[in-house]
Every structure is written in structure tokens, then in C-alpha cells.
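Chain by chain, the residues run as shown.
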Number of protein chains: 2
Amino acid sequence: MVKEKYDVTKFERPSVTVDIILFTIKDNDLKVLLVKRNVWPFKGMWAIPGGFVRMEESLEEAAKRELKEETNVTDVYLEQLYTFGDPKRDPRTRVITVAYFALVDSTKLKLKASTDVRDVKWFSMYNLPKLAFDHEKILKYALKRLRWKLEYTTVAFKLLPEKFTLSQLQRVYEIIFNKKFDKRNFRKKILSLGLVKEVGKEKGVAHRPAKLYKLNKKIGEIVEIF
Amino acid sequence: MVKEKYDVTKFERPSVTVDIILFTIKDNDLKVLLVKRNVWPFKGMWAIPGGFVRMEESLEEAAKRELKEETNVTDVYLEQLYTFGDPKRDPRTRVITVAYFALVDSTKLKLKASTDVRDVKWFSMYNLPKLAFDHEKILKYALKRLRWKLEYTTVAFKLLPEKFTLSQLQRVYEIIFNKKFDKRNFRKKILSLGLVKEVGKEKGVAHRPAKLYKLNKKIGEIVEIF
DNA sequence: TGAATAGTGTCTTTCAGACAATATGCC
DNA sequence: GGCATATTGTCTGAAAGACACTATTCA
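For every chain, the first residue of the written sequence is number 1, and numbering continues from 1 along that sequence. In the order they appear in the text, chains get letters beginning with A and ligands get numbers beginning with 1. Local features in this predicted model are restricted to residues whose pLDDT is 70 or higher, and side-chain atom pairs enter the listing and the counts only when it is 80 or higher, whereas totals over whole chains, interfaces and linings include all residues. Only hydrogens and water are set aside; all other atoms, that is, all heavy atoms of the structure, feed into the side-chain values.

## Examining the protein's contact with DNA strand C
The following threshold applies: Near is defined per residue: the residue qualifies when any heavy atom it owns lies within 4 Å of the molecule or strand. Here a polar contact means two N or O atoms within 3.5 Å. Within protein one must be a hydrogen donor candidate and the other an acceptor candidate, and residues neighboring in sequence count only if both atoms are side-chain atoms. A helix here means a DSSP run of H or I that spans at least four residues, while a strand means a run of E at least two residues long, and both kinds are numbered starting from the N terminus.
Close to DNA strand C lie 22 residues, the nearest being R187 and K211 of chain A together with K201, R208 and P209 of chain B. In the interface set of DNA strand C, defined as its atoms within 4 Å of the protein, sugar plus phosphate atoms amount to 42%. Within the contact set of DNA strand C, a base nitrogen lies 3.2 Å away from a side-chain nitrogen or oxygen of K183 of chain A. Here K201 of chain B contributes a side-chain N or O atom positioned 2.7 Å from a phosphate oxygen of DNA strand C. Those elements giving two or more residues to the surface near DNA strand C turn out to be α4 (183-192) of chain A together with α4 (183-193) of chain B. Take the surface near DNA strand C: its biggest share by element is five residues, from α4 of chain A.

## With respect to the protein's contact with DNA strand D
The condition is simple: Side-chain classes are defined by residue name, with Ala, Val, Leu, Ile, Met, Phe, Trp, Tyr, Cys and Pro counting as nonpolar, Asp, Glu, Lys and Arg as charged, and the others, Gly among them, as polar.
Neighbouring residues of DNA strand D: 22 residues in total, closest N185 and R208 of chain A together with K183, R187 and K211 of chain B. Between DNA strand D and the protein, one listed contact pairs a base oxygen with a backbone N or O atom of R208 of chain A at 3.1 Å. Between K211 of chain B and DNA strand D, the recorded distance is 2.8 Å, taken from a backbone N or O atom to a phosphate oxygen. Contributing elements (two or more residues each) for the surface near DNA strand D: α4 of chain A together with α4 of chain B. Sort the elements by how many residues they give to the surface near DNA strand D and α4 of chain B lands first, with five residues. Classifying every residue of the surface near DNA strand D gives five nonpolar, five polar and twelve charged.

## Let's talk about the environment of I138 of chain B
All names here are of chain B. Keep this limit in mind: Every residue pair with non-hydrogen atoms within 4.5 Å of one another is taken to be in contact.
Here I138 shows up in helix α2 (residues 135-152). Taking the C-alpha atoms as reference, I138 lies 8.9 Å from I48; in sequence the two are 90 residues apart. The contacts of I138, once residues within four sequence positions are left out, are I21, I48, L81, F84, R89, T97 and A99.

## A look at the pairing of strand β6 (residues 95-103) of chain A
Look at any regular strand and the pattern is simple: side chains alternate between the two faces of the sheet. Residue and element names in this part refer to chain A. Applicable threshold: Only protein chains enter the accessibility calculation, which uses a 1.4 Å probe; a residue whose area is less than 20% of its type maximum is buried, one above 50% is exposed, and one in between is partly exposed. Should DSSP find at least two bridges between two strands, the strands are taken to pair.
Counting buried residues along β6, nine of its nine residues qualify, which places the element largely inside the surrounding structure. Burial of β6 is two-sided: the residues V95, T97, A99, F101 and L103 facing one way and the residues I96, V98, Y100 and A102 facing the other way are all buried. Both strand β5 (residues 77-84) and β6 contribute to a ladder of seven bridges, which runs antiparallel. Paired with L78 across the bridge in β6 is A102.

## Overview of the interface of chain B and chain A
Note on interface size: it is often stated as the accessible area lost on association of the parts. Worth spelling out the cut-off: Buried area: the accessible area, evaluated with a 1.4 Å probe, that two parts lose upon being put together, summed over both parts. Basic side-chain nitrogens of Lys or Arg form a salt bridge, by our definition, when they fall within 4 Å of a carboxyl oxygen of Asp or Glu.
Contact residues are listed per partner, giving 46 residues for chain B and 46 residues for chain A. Both faces combined, the contact of chain B with chain A buries some 4,800 Å², and carbon together with sulfur accounts for 61% of it. Counting across the interface, chain B meets chain A through zero salt bridges. Put simply, chain B and chain A have ten residue pairs in polar contact (both at pLDDT 80 or more) between them. Counting residues per element, the ones that place at least two in the side of chain B that touches chain A are β1 (15-26), β4 (50-52), α1 (59-71), β5 (77-84), β6 (95-103) and α2 of chain B. With five residues, the single largest contributor to the side of chain B that touches chain A is α2 of chain B. Of the residues in the side of chain B that touches chain A, the class split is 21 nonpolar, nine polar and 16 charged.

## With respect to unusual backbone geometry
The step from W40 of chain A to P41 of chain A runs through a cis peptide bond, and the omega angle for that step is -5°. Residue placement: P41 of chain A occurs in the loop between β2 (29-36) and β3 (46-47). If you check the backbone angles, N28 of chain A has positive phi at about 55° while not being a glycine. With respect to the element layout, N28 of chain A can be found in the loop between β1 (15-26) and β2. Looking at N28 of chain A, the relative accessible area reads 56%, which means it is exposed. The residue F133 of chain B is not glycine, and still its phi comes out positive at about 50°. Its place among the elements puts F133 of chain B in the loop between β7 (120-124) and α2. Judged by its relative accessible area of 14%, F133 of chain B falls in the buried class.

This is how it looks when you write it as C-alpha cells:
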């Protein structure tokens, strides 16, 4: 069978959605943003925010638009995660979803009350509710990717404010890997990589103030490997 | 806008295809399989094999089916690469393509003459023809992924017969990275990882015969990380 | 001065990389 | 014996990991 003999308009077409797994660090925990479904199927269950891709927009544009519409979040780090296309994953019809993976600094985040009544909430990745569709599988995959990314790239900085202390950075790693690191070795590693530069000191804390760092501009973009 | 208020059948839907980038090592070179297009658009140009996803099959099933239909190749290592969805990537209509990445051992490959007249040929990755659609971009991305995979996983073995010499393995790495490695360091590394075990010796060669190895079963599957 | 967190150095082990001579089988 | 390829070890430098005490600010 040769595809070019077929008129592309003749094929029955699947629906295509994007879903966005948005992670942040909040309350010393790794959080993911979920929305509550208020219609069939999986009514009342929590789901990863997402929606249908429109004909005139790219997948990444669709992901940004949906994230804004559903959660009022903009300006996030965004990358494509994986495409899930099992024919039975959505009971309504054939739906192929392109999952995106997003990171945001919780301090500059305002989850403005949504205009519609839908619940939008942060959940701990270590204590998830029952999820709609195959979303649990997607989240597990996203967590693997997040860990991989932290190990081999500089995405961790996307979870922090522009200026941060090395202890904050270490805490991000500890929360995401769910284990402790040695403080001296951690700092030695980060500083020897030359990723950051000193830009001041903490103020108004009831203990010795920590040095503040920010990411070196030139190195800050070694993020996009895959 | 809340997606659940919409009837999913109301949206205009994009077409979804799978494309399969099949790599092999042949004639001391990294080759990729391409097919010649015989209709508009890009008539006469070479393209990555692929085709439309059917409603009842998964993406991976579609990739396997298309690969078999277009090139008669089965039994390959297959993983999802990336989904390309630019609205203008196909002049016919909106087509989102899920690209797959495949590896095969050229010694057990029979590209049986296709039943249709279409040309199917191996091209050197280092000397590609003009490609249809955004396929050049897709191939570049696939090469990056291939290199990454060789560095961090054991996929290289998918490009070799079951029994192989360390020199053959080293040649695979040299071809794909397009540079030479030190023989002693390379062998030390492979052997110290405990990935392979000795299973005999070459025969009938006009020089000192090399030891043959095969992949240790238990370790052979450290491939599926991403 | 006590509470809280920041900041710092050494030793050991492991791994990567540079580097060249000998061994084996076939003709 | 000559040809062609296979096989092997040492040294050096860099990075990772184990490990515990002192410094600073504020209340």
C-alpha cells in the first residue's frame, strides 16, 4: 500500500490533544498541577490540564494556550515529553495526546482564580489522587524525565527565582530525587561547573545570611538537549 | 474555555502519521532508509518512510505496519522519537507526525523488492539527498538521539549480529560518532561494564581470529530509558 | 549566648585518557 | 616468514564520594 495514492482527506482522523504536566517546588515538596473533571468520562476525577489542538496552531502553541486557559499560568519552561496514542486511552473516541512537560518557579506564580468553576489544584507528586485516563502513567513518565533532566542539564534553575542560595538549589535536588546530598560535595560540584555567579546576600533572616547566586547567562541555556 | 463542554466530534481534526527513521550500519557507514515520492507534494524527492495512523491501531503498531508495508522490514528495535506538528509542515493539510526511531542489524536484513514500483534505498547519513517535508530536520534530530543513546545505553548492540567482535562494536561507535577511539580504552570500558560474554572465536579469516562476544541477557535490556 | 543555617578542606577511590609492543592464525 | 588484525597494561589527572567542624547573623 502506498500512501500517496490516497487522498489524505479520506482517512478517518483521530483527535489530537496536548496535555501539560506542570511541576513546581512548593512547601518543600514537588507539586504537579491538576484539574478536576466535571463531565463524563472520569467525572469528578483529577486530570492533567490539556485540550484539543487547533488546526492553525503548532503543538507548542496549543500547550501554552491550554495552560493559560485552564490554569492562567504563563511564562513557563516547556518541552515536549512523549506522545501517548493507545486506541483505548479515551472512551469517547480515538484521542492521541502529545504530552508536554513544564516547570515554573512557584514564587512568581499566580494561579488567579479561574473564570470558570473548575477546580485547579497543586498536588504532591508523592501523594497523588486517583487520576483520569492514563494520566497516572503519564505523570510517572514525566517524573522520570524530570529526574533525568536535573542530572544532565540545568533545568533545576527554572524552579527557582532569579536569585537563589545554594541551599535552595540543593533542596530542589533533594526534593526531586527524594534523597539527601552531602552539602560540601554538592556545593563543590555546582561551583566547579561554573554555572552560577555570586550576586549578593540574603537579608533579614534569623541566622547567618547565605550568599545569593544567579545563573550565568551564557550557560543558562544548556537545557535543550532532548 | 473548558474542553469538556465541547463535543469531541465537533472539532476539525488534523491527520496523524507515523514516520520511521531506520538506521543501520553497512559498508562501514551509517545508513538511513528512504523512499522516493512519486506524487505531489515533493514528487521525486526522497522521504522518510511512513503513513497514516489507523483508528484502531496504536502508534507503535502503525509504525511497525508502515515499515513492513513500505520497506518489507520487520523485527527492528523501535522507540518513539518526537512529534512534529508545525501547521505548515505538509502543504496538503494539517498533518502531525509521530516520528519513530529504529535500528536494525544489516546482516539479517532483506529488503525484498517491494511489490510496488517505489524506490526504497539506503543513504549515508553523511551524504543525504534533498528531502521532502521537514524530513531533514527530523533526521538531524534522530542522529542526535542515536548518539545520545549510544553513549548512555546499550542500543549499539541492536546494530550488530548476535555474535560480534569488539572491533566490530568499536567500528559501530566510530561510524556513528564519526571519530576514532583508542582501542585499549574502548575494550577496557566495554569489558569492565560486564555487558558481554565470550562465546567463541572467528573462523576462516586471514589473520589472527578475534574472540566473539554476545550481550549478557540480563543487561541487554538497559536500553529503554527514554 | 543560644538558635539557626552558612560555609569550608582533605583523603580515598574510581574512571577517563594518553600511549606502543607483542600475539596469533593464515598464506 | 610476512601479512593482517587481535590482544594487552601503566601512568596520570580529574571527578566523585565519605566525612565534621567553624562562622555569621539575629533575637
